[in-house]
Amino acid sequence: MPQITFAVAGSLAAALTDFARAFTARTGHEVQVHRGPAGLLAEAIRNGMPVDVFVSASPHGPEALHRSGLFGPPRTIARNRMVLVARPALESSAEDPLALLADPRWRIGMSTPRADPGGDYAAAFLERLKTEDPRRWQDLGPRCVSLYGAVLPDPHKPLHSPTLAALIEGQADMLIVYATTADRIAQALPGTRVLPLPLELAPLTEICACVRCDGPKPAHRFFEALQGADCRLILRQHGFLAVPGQPG
């Protein structure tokens, strides 16, 4: 029985590894999971990494793979949103995320643009801020740094949270991250504050799946299952948002 090779964005790894295990239990088809920054995974696939199904936190990688003729059209299976996470004991009572960001005392961490969609979304948000009010945000750039998401993780090492490590190790005072990532940080680090970013500046993100055109039939079955009710339930349980018009 052929094995399904599945590459998944790190932000979705926990949820979709759970789903892959359930799929294997139900069908008998083994799913080998590769996780990492979705931009780097898409590049690795274009360079020959053998992957049957790919799920990215952004449509850009799947769309590029589709244009190359390697993969079929991407399908949006869920959404997420961007938030600001402030470390415990931050010396500010502000509950407005823009007021926190504007305070020149604070260092702001994010993922790596182009390597990881989380970094792309954060960079786009910051650029909208600077475009909207250049004087207010003129010192923002030097306080922002990409702290993680620049390399593919070692597949032999257990899952860990580089975002959580960034706060615990004092690499940043606050992070621009996905809401689902923020929930995990807040559970592990009491006192963390999570502030949603304005949707007009940080629109909801799209999570997209695609399947290799010449992939084995079980891979196409897995791709279809990613769009089904069982997967939607697992994604909701992990905090991801439904796509408008999706059945329950």
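Our subject is the structure listed above.
Residues numbered from 1 in each chain as written. Predicted model: local features only at pLDDT ≥ 70, side-chain atom pairs only at ≥ 80, totals over all residues. Heavy atoms only, no water.

## Points about the sheet that holds strand 5 (residues 82-86)
Taking strand neighbours across the sheet as the criterion, the five strands line up as 7-6-8-5-9 in an open arrangement whose pairing is mixed. Every interior strand has two partners, whereas the edge strands, strand 7 (144-148) and strand 9 (193-196), have only one. Taking each pair of neighbouring strands and ignoring which way they run, the sheet shows an average axis angle of 35 degrees. Contacting strand 5, strand 8 (174-178) and strand 9, helix 8 (residues 179-188) crosses the sheet at an angle of about 125 degrees to strand 8. (Pairing = 2+ DSSP bridges. Helix = DSSP H or I, 4+ residues; strand = E, 2+ residues; numbered from the N terminus. Axes fitted to C-alpha atoms, helices over the stretch in contact; angles between N-to-C directions. Contact = heavy atoms within 4.5 Å.)

## Some thoughts on the pattern of salt bridges
Under the counting rule described, the total for this entry stands at eight salt bridges. As a salt-bridge pair, Arg26 and Asp230 come within 3.9 Å of each other at their nearest N and O atoms. Taken together, the residues Arg26 in helix 1 (residues 13-27) and Asp230 in helix 10 (residues 229-237) connect sequence positions 204 residues apart. The partly exposed category is assigned to Asp230, whose relative accessible area is 47%. Within the structure, one salt-bridge network assembled from shared partners comprises Arg87, Arg107 and Asp173. (Salt bridge = Lys/Arg side-chain N within 4 Å of Asp/Glu carboxyl O. Buried < 20%, exposed > 50% of the residue type's maximum accessible area, 1.4 Å probe, protein only.)

## Regarding the side chain of Arg143
Considering the arrangement of structural elements, one finds Arg143 in helix 6 (residues 140-143). Under the relative-accessibility criterion, Arg143 is labelled buried at 10%. A distance of 3.4 Å separates a polar atom in the side chain of Arg143 from a polar atom in the side chain of Asp139. Dropping the residues within four chain positions of it, Arg143 is found in contact with Leu101, Ala102, Asp103, Pro104, Trp106, Arg107 and Ile108. (Polar contact = N/O pair within 3.5 Å; in protein donor to acceptor, adjacent residues only side chain to side chain.)

## Examining the sheet that holds strand 10 (residues 205-211)
In spatial order, the strands read 2-1-3-10-4; together these five strands make up an open sheet with mixed pairing. In this open sheet, the two edge strands, each paired with only one partner strand, are strand 2 (31-36) and strand 4 (75-80). Adjacent strand axes in the sheet meet at a mean angle of 15 degrees, parallel and antiparallel pairs treated alike. Where strand 3 (residues 53-56) lies against strand 10, four bridges are found, and the strand directions are antiparallel. Its bridge partner being in strand 10, Val55 is matched across the sheet by Ala209. On the sheet, helix 1 packs against strand 1 (4-9), strand 2 and strand 3 and is oriented at approximately 175 degrees with respect to strand 2.

## Description of helix 3 (residues 60-67)
Those residues of helix 3 not exposed but buried are Gly61, Pro62, Ala64 and Leu65. With its buried residues spanning 160 degrees around the axis, helix 3 presents them on a single face. Away from the buried face of helix 3 by more than 90 degrees, exposed residues His60 and Arg67 are located. The elements touched by buried residues of helix 3 are helix 2 (38-46), strand 3 and strand 10. Backbone geometry just downstream of helix 3 places Gly69 in the positive-phi region, at approximately 90 degrees. (Arc of directions from axis to C-beta.)

## Thoughts on the side chain of Thr180
If you trace the backbone, Thr180 turns up in helix 8. Dropping the residues within four chain positions of it, Thr180 is found in contact with Asn80, His238, Gly239 and Phe240.

## Looking at the packing of aromatic side chains
In this description, a pair of aromatic rings is defined by centroid distance and the angle of the planes. In this structure the tally under the stated criterion is four aromatic pairs. Ring geometry for Phe23 and Phe222: centres 5.0 Å apart, planes at 75 degrees, overall edge-to-face. A residue pair is termed long-range when its members are at least 10 positions apart, and Phe23 in helix 1 and Phe222 in helix 9 (residues 217-226) qualify at 199 residues. Using a relative accessible area of 1% as the deciding quantity, one classes Phe23 as buried. Classification of Phe222 by relative accessible area gives buried; the value is 0%. Judged by centre distance (6.1 Å) and plane angle (75 degrees), the rings of Tyr121 and Tyr178 are edge-to-face. Pair noted here: Tyr121 is in helix 5 (residues 117-132) and Tyr178 is in strand 8, with a separation of 57 residues, a long-range link. The exposure classification of Tyr121 matches that of Tyr178, with both residues buried. (Phe/Tyr/Trp six-rings, centres within 6.5 Å; stacked < 30°, edge-to-face > 60°.)

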